[in-house]
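Now for the letters of each chain:
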Amino acid sequence: MGLLTIGTFAKASRLSPKALRLYDRLGLLTPARVDPVTGYRLYAPEQLEQARLVAWLRRLGMPLARIQHVCTLEAGPAAQEIRAFWARVEADTAARRDLASFLIDHLSWKDPVMSPTAIPLGIRYAALSDTGLVRQSNQDTAYAGSRLLAVADGYGSTGAPASAAAVDALKYLGADGVPAGDLLNVLEDAVDQAKQAVLGVAGAGSSPVEAGTTLTAMPWTGSRLALVHIGDSRVYLLRAGELFQITHDHTVVQSMLDEGGISPAEAASHPQRSLLIRALGHGTDTTADIRLRDAQRGDRYLLCSDGLSAVVGTEEILGVLAEIREPERAVRELVALANGSGGPDNVSCVVADVMELRQ
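1. Observations regarding the overall build of the protein
Secondary structure summary: the protein contains 12 helices and 15 strands in total. Excluding contacts between residues fewer than 6 apart, the proportion of contacts in the protein whose partners are at least 24 apart in sequence is 65%. Just so you have it, the protein exposes about 18,100 Å², and 52% of that area is on carbon and sulfur atoms.

Structure follows, in structure tokens:
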């Protein structure tokens, strides 16, 4: 087969003549021959495979500079590069989806404080952290106050100061409160401050790449609870007798479960179930989930590290939360359940009840 005209080549490759001329100028897809008199571009049939790859990658939204790099690679490395690009796209899409959900909730919600018939709500709370029965030290941090609830689970050589630094960085939210009109910016700034605080203490260890922390926190806005979450600590909500997990674990195993690669039973006993894909620390994805929660009188929230959720079943957790009224007793009983199951890890619990404030 002889050389193909630009029109024939464009049709076969699903690229427009305009795109082919651009890719020629960029050096991405150079014609086999250019007529010296007419300047007409001619392409060799063996160039079709690369042209089709370019077309497909453009449909994925890959930038031209990255496509140019992919086209220089062998099939295996090229596939890895595409896989890495798409993972980033999915992460960005998820972040934008979360932001859209947050903004929809935020803009469509009217502050009940503005209503003369609104019932003023507050929280009563308790926090407890325990070393467990196996670990030599406690790298968890648990905190509860009238405007902030938080649990952080540190790891690595400086895990304990990392978890403490992350929670300390958010405590100003409890002191000043969170203004509803600037809620998203305040929470994003708080996460960034927590990240910088963790990096500061993690960098002091002998292996900074291996040090960091999870962070799950709920600032109280005065009428709503905001949720900031990164890692595999959890938040459960007890409402009307039912228990709901309202956070999503940022772990390798949870990703495999989401994709249908393993069953829930396999996930529960998977040897890598604690391997994080998001956390505050060196060399990790530090993107936090940010949500809003409507506060309803009678709701009970549990924030806990995986020292509880990994060894105590949801039915047992539900039993404690439903039957023990006082938050102080509830956190003690939950820690006792974790230790009664062997206490293989540090365990931290925060229990908070949404209640009507007395006038």
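2. Focus on the nonpolar core
Among the nonpolar cores identified, the biggest contains 25 residues, and Ala166, Leu170, Leu173, Leu187, Ala194, Leu215 and Leu280 are the most heavily contacted of them. Every element with two or more residues in this core is listed here: strand S6 (148-155), helix H6 (159-176), helix H7 (183-202), strand S8 (215-219), strand S9 (224-230) and strand S13 (289-294). Ranked by residues supplied to this core, first place goes to H7 with 7 residues. When residues no more than four places from it in sequence are discounted, the contact partners of leucine 170 are Leu148, Ala190, Ala194, Leu215 and Ala217.

3. Considering the confidence of the model for the protein
The predicted structure's coordinates, where accompanied by low pLDDT, should not be read in detail. Averaged over every residue, the pLDDT of the protein is 86; the share at 70 or more is 88%. Across the protein, the secondary-structure element scoring lowest on mean pLDDT is helix H9 (residues 264-268), at 75, and the one scoring highest is strand S14 (residues 300-304), at 98. A low-confidence stretch, residues 111-117 (pLDDT under 50), is modelled with 5 contacts involving residues beyond four sequence positions or located in other chains.

4. Digging into the side chain of asparagine 346
Within the secondary structure, asparagine 346 is located in the loop between helix H12 (327-340) and strand S15 (347-356). You can call asparagine 346 buried: its relative accessible area is 2%. Side-chain polar atoms of asparagine 346 contact the backbone oxygen of threonine 131, separated by 2.8 Å. In terms of polar contacts, asparagine 346 uses its side chain to reach the backbone carbonyl oxygen of serine 137, at 3.0 Å. Sequence-distant contacts of asparagine 346, that is, excluding residues within four places in its chain, are made with Asp130, Thr131, Arg135, Ser137, Asn138, Gln139, Asp140, Ser305 and Gly307.

5. Some details on the sheet that holds strand S4 (residues 121-130)
Paired through backbone hydrogen bonds, the strands of a sheet run either parallel or antiparallel to each other. Read from one edge to the other, the open sheet built from 5 strands follows the order S4-S15-S14-S10-S11, with strand pairing classed as antiparallel. Each edge of the open sheet is held by one strand with a lone partner, namely S4 and strand S11 (242-245). Going across the sheet, the axis of each strand differs from the next one's by a mean of 20°, ignoring polarity. Direction of pairing for S4 relative to S15: antiparallel, over a ladder of 10 bridges. Considered in S15, the bridge of alanine 127 is made with valine 350. Taken strand by strand, helix H11 (residues 314-323) contacts strand S10 (234-239), S11, S14 and S15, and its axis lies near 55° from that of S10.

6. Topic: the state of the cysteines
Under the counting rule described, the total for this entry stands at 0 disulfides. In this structure cysteine 349 is a free cysteine whose sulfur lies 5.8 Å from that of cysteine 304, the closest cysteine sulfur available.

7. Here we look at the pairing of S10
A regular strand carries its side chains on alternate faces of the sheet. Most of S10 is tucked away, with 5 of its 6 residues classed as buried. Judged from the 5 bridges that link them, S10 and S14 form a sheet pairing that is antiparallel. For tyrosine 236, the partnering residue across the bridge sits in S14 and is leucine 302. Note that S10 and S11 share 4 bridges and pair antiparallel. When the bridges of S11 are listed, tyrosine 236 appears paired with glutamine 245. Count of turn residues in the S10/S11 antiparallel hairpin: 2 residues, of which alanine 240 carries a positive phi of about 55°.

8. Re the sheet that holds strand S1 (residues 4-5)
Reading across the sheet, the 3 strands line up as S1-S3-S2 and stay open at both edges, with antiparallel pairing between neighbours. The sheet is open, and its two edges are formed by S1 and strand S2 (33-34), each paired on a single side. Relative to strand S3 (residues 41-43), S2 runs antiparallel, the two being bridged by 2 bridges. The residue of S3 that forms the bridge with arginine 33 is leucine 42.

The rules behind each value
- Residues numbered from 1 in each chain as written.
- Predicted model: local features only at pLDDT ≥ 70, side-chain atom pairs only at ≥ 80, totals over all residues.
- Heavy atoms only, no water.
- Helix = DSSP H or I, 4+ residues; strand = E, 2+ residues; numbered from the N terminus.
- Contact = heavy atoms within 4.5 Å.
- Areas by Shrake-Rupley, 256 points an atom, 1.4 Å probe, with all protein chains shown as cover.
- Core = buried A, V, L, I, M, F, W, Y, C linked by side-chain atoms within 4.5 Å.
- Buried < 20%, exposed > 50% of the residue type's maximum accessible area, 1.4 Å probe, protein only.
- pLDDT = per-residue confidence, 0-100.
- Polar contact = N/O pair within 3.5 Å; in protein donor to acceptor, adjacent residues only side chain to side chain.
- Pairing = 2+ DSSP bridges.
- Axes fitted to C-alpha atoms, helices over the stretch in contact; angles between N-to-C directions.
- Disulfide = S-S within 2.5 Å.

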